[in-house]
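# Analysis of the macromolecular model
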Amino acid sequence: VRALVGGLDYAASPFNRAVDAHRQAGSSWKPFVYLAALESGRTPDSPVVDEPVTINGWTPANYEPEFLGPITLEQALAHSINTVAARLADEVGRTVVADTARRVGIVSPINTDPAMALGTTQVTPLEMAQAYAAFSNGGRRASAYGIERIRTNGGQVLYQRRPAPAAQVIANPPLSDLNRMLRTVITQGTGTRAALPGFDVAGKTGTTSDYRDAWFAGFTGNVATVVWMGRDDAKPMARVTGGLAPAELWRGVMGVAVKRLPVS
């Protein structure tokens, strides 16, 4: 972990939200749904339909009131279409989606009701960063850690982290297909405010019901950053969506990171 911010003022509130706050992921969860779909044989160009859908008595609504009709899988993710994500998870299997999320780095309990496709599972920003890191590093499982080495003033090494080999948890072509789709989120979809001119970046916005949580999770080669915004009392924010302030904050942080860290 190169940088971590757990709140606005540690003296006023020492609770570390980046590590300990469990909040609904919203649409930042959808890449796990789409990855499961890609691994089941679909491609970014697979045709889907944005239309009303009801699953077990539950009818999801889109952020925008109108339906787009026939579109591709890539367009559905770029514009964060809820109806398509819900149907996709139902077709692929919500337990399969849950297994996919766990494989890439989600450690919190995952619900498997129909709404799970839209990110009703509660997660921490740190575990989301862990999961998105697998998208950025060639599909290897990332295990977040904060300490490389502890030394005395005299230079004696008291502790040295010895990393274990990272397991390959995402294969190609599903990984490259997903990254293509997450690039489109930034070039043509809900994440345009996160664009970094001159850098190849990808990511996903997320907004929960009544604007209680807003996320932007994204990456470039070998560097992943996740931004969450919300209130501790879970009251609604003033129409803050993941594509607004979180995407802009992500761009500000990553704009510095890509100049200081080796990216590909």
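Not measured: the values here are computed from a predicted model. (Residues numbered from 1 in each chain as written. Predicted model: local features only at pLDDT ≥ 70, side-chain atom pairs only at ≥ 80, totals over all residues. Heavy atoms only, no water.)

## As for the overall build of the chain
Basically, it comes down to this: Numbering of helices and strands runs from the N terminus, with a helix taken as a DSSP run of H or I at least four residues long and a strand as a DSSP run of E at least two residues long. It is over C-alpha atoms that the radius of gyration is taken, and the globule rule equals 2.2 Å times the number of residues to the power 0.38. Relative accessibility decides the category of a residue: with a 1.4 Å probe and only protein chains considered, values under 20% of the type maximum give buried, values over 50% give exposed, and everything between is partly exposed. The contact rule is simple, with two residues in contact once any of their heavy atoms fall within 4.5 Å. Using a 1.4 Å probe, the Shrake-Rupley method yields the accessible areas, and only the shown protein chains count as cover for residues. The charge count includes Lys and Arg as positive and Asp and Glu as negative, but it does not include His or the ends of the chains. Charged side chains are reduced to one point each, which is NZ for Lys, CZ for Arg, CG for Asp and CD for Glu.
Helix and strand content of the chain: eight helices and nine strands. Computed over the C-alpha atoms, the radius of gyration of the chain is 18 Å, within 12% of the 18 Å expected from 2.2 N^0.38 for a compact globule of 264 residues. Across its three principal axes, the chain shows a C-alpha extent of roughly 65 × 40 × 35 Å. Looking at the chain as a whole, 49% of its 264 residues qualify as buried. Considering only contacts within the chain whose residues lie at least 6 apart along the sequence, 67% involve residues at least 24 apart. Just so you have it, the chain exposes about 13000 Å², and 52% of that area is on carbon and sulfur atoms. For the chain, the distance from the average site of its 26 positive side-chain charges to the average site of its 22 negative ones is 9 Å.

## Description of the side chain of arginine 17
Within the secondary structure, arginine 17 sits in helix α1 (residues 17–20). The class of arginine 17 is buried, set by a relative accessible area of 11%. Sequence-distant contacts of arginine 17, that is, excluding residues within four places in its chain, are made with Gly6, Gly7, Pro125, Trp228 and Asp232.

## Quick look at the sheet that holds strand β8 (residues 213–220)
Put simply, the rule reads: Any two strands are treated as partners once DSSP identifies two or more bridges connecting them. In this description, a line fitted to the C-alpha atoms serves as the axis of each element, helices being fitted only across the stretch in contact, and the angle between N-to-C directions of two axes falls anywhere from 0 to 180 degrees.
One open sheet accounts for three strands, arranged β7-β8-β9; its pairing is antiparallel. Of all strands in the sheet, those with a lone pairing partner are β7 (202–207) and β9 (223–230), marking the two edges. Taken over all neighbouring pairs, the strand axes of this sheet differ in orientation by 5° on average, direction set aside. Of the strands in this sheet, β7, β8 and β9 are in contact with helix α6 (residues 125–136), which crosses β9 at around 150°.

## Notes on the packing of helix α2 (residues 30–39) against helix α4 (residues 82–92)
Heads up, the rule is: Here the angle decides the label: under 35 degrees means roughly parallel, over 145 means roughly antiparallel, 65 to 115 means roughly perpendicular, and every other value means oblique. Note on convention: the crossing is left-handed when the near helix lies turned anticlockwise from the far helix by less than a right angle, right-handed when the turn is clockwise. Here the nonpolar group is Ala, Val, Leu, Ile, Met, Phe, Trp, Tyr, Cys and Pro; Asp, Glu, Lys and Arg are the charged ones; every other residue, Gly included, is treated as polar.
Direction vectors running N to C along α2 and α4 enclose 50°, while the axes themselves pass 9 Å from each other. In this view, α2 runs oblique relative to α4, as classed from their interaxial angle. Crossing of α2 against α4: the hand is left-handed. On the side of α2, the interface is formed by Lys30, Val33, Tyr34, Ala36 and Ala37, while α4 contributes Asn82, Val84, Ala85, Leu88, Ala89 and Val92. For the contact of α2 with α4, the residue count by class is nine nonpolar, one polar and one charged.

## Regarding the pattern of salt bridges
Heads up, the rule is: Any carboxyl oxygen of Asp or Glu within 4 Å of a side-chain nitrogen of Lys or Arg constitutes a salt bridge here.
If you walk through the whole model with that rule in mind, you get 13 salt bridges. The partner of arginine 94 in a salt bridge is aspartate 90, and the shortest N-O contact between them spans 2.9 Å. For aspartate 90, a relative accessible area of 38% translates into the label partly exposed. Among the ionic pairs, arginine 231 bridges to aspartate 233, the shortest N-O distance being 2.8 Å. Here arginine 231 falls in the partly exposed class, since its relative accessible area comes to 37%. Using a relative accessible area of 41% as the deciding quantity, one classes aspartate 233 as partly exposed.

## Considerations on the packing of aromatic side chains
Condition: Classification of ring pairs rests on two measures: the distance between centres of Phe, Tyr or Trp rings, Trp counted by its six-membered ring, which must be within 6.5 Å, and the angle between planes, read as stacked under 30 degrees, edge-to-face over 60 and tilted in between. In this scheme, Lys NZ or Arg CZ marks a charge over a ring once it lies within 6 Å of the ring centre and within 35 degrees of the ring normal.
Across all of its chains, the model carries seven aromatic pairs by this definition. When the centroid spacing of 6.1 Å and the interplanar angle of 55° are considered together, the rings of phenylalanine 135 and phenylalanine 219 count as tilted. Taken together, the residues span a long stretch of sequence, with phenylalanine 135 in helix α6 and phenylalanine 219 in strand β8 at a distance of 84 residues. Given a relative accessible area of 1%, phenylalanine 135 falls into the buried group. Positioned above the aromatic ring of tyrosine 145, the side-chain terminus of arginine 161 is 3.4 Å from the ring centre.

## A short note on unusual backbone geometry
In this model, asparagine 172 is joined to proline 173 through a cis peptide bond whose omega is 10°. Summarising the element assignment, proline 173 is placed in the loop between β6 (157–160) and α7 (174–188). Its identity is not glycine, yet serine 80 carries a phi of approximately 55°, on the positive side. Tracing the backbone through its elements, the reader meets serine 80 in the loop between α3 (73–78) and α4. Look at arginine 239: it is not a glycine, yet its phi comes out positive at around 55°. Relative to the helices and strands, arginine 239 resides in the loop between β9 and α8 (245–260).

## Let's talk about the nonpolar core
Definition in use: Throughout this description, the term nonpolar core refers to a set of buried Ala, Val, Leu, Ile, Met, Phe, Trp, Tyr and Cys residues connected via side-chain atoms within 4.5 Å.
Grouped together as the largest cluster of nonpolar side chains are 49 residues, with contacts concentrated most on Trp29, Phe32, Tyr34, Ile106, Met128 and Phe135. Those elements that provide at least two residues to this core are α2, α3, α4, α5 (94–104), α6, α7, β8 and β9. Excluding its chain neighbours within four sequence positions, the residues that come into contact with tryptophan 29 are Val97, Ala101, Ile106, Ile110, Met116, Ala117, Gly119, Thr121, Val123 and Met128. Residues Ile186, Val201, Val223 and Ala257 belong to the second largest nonpolar core, which totals 13 residues.

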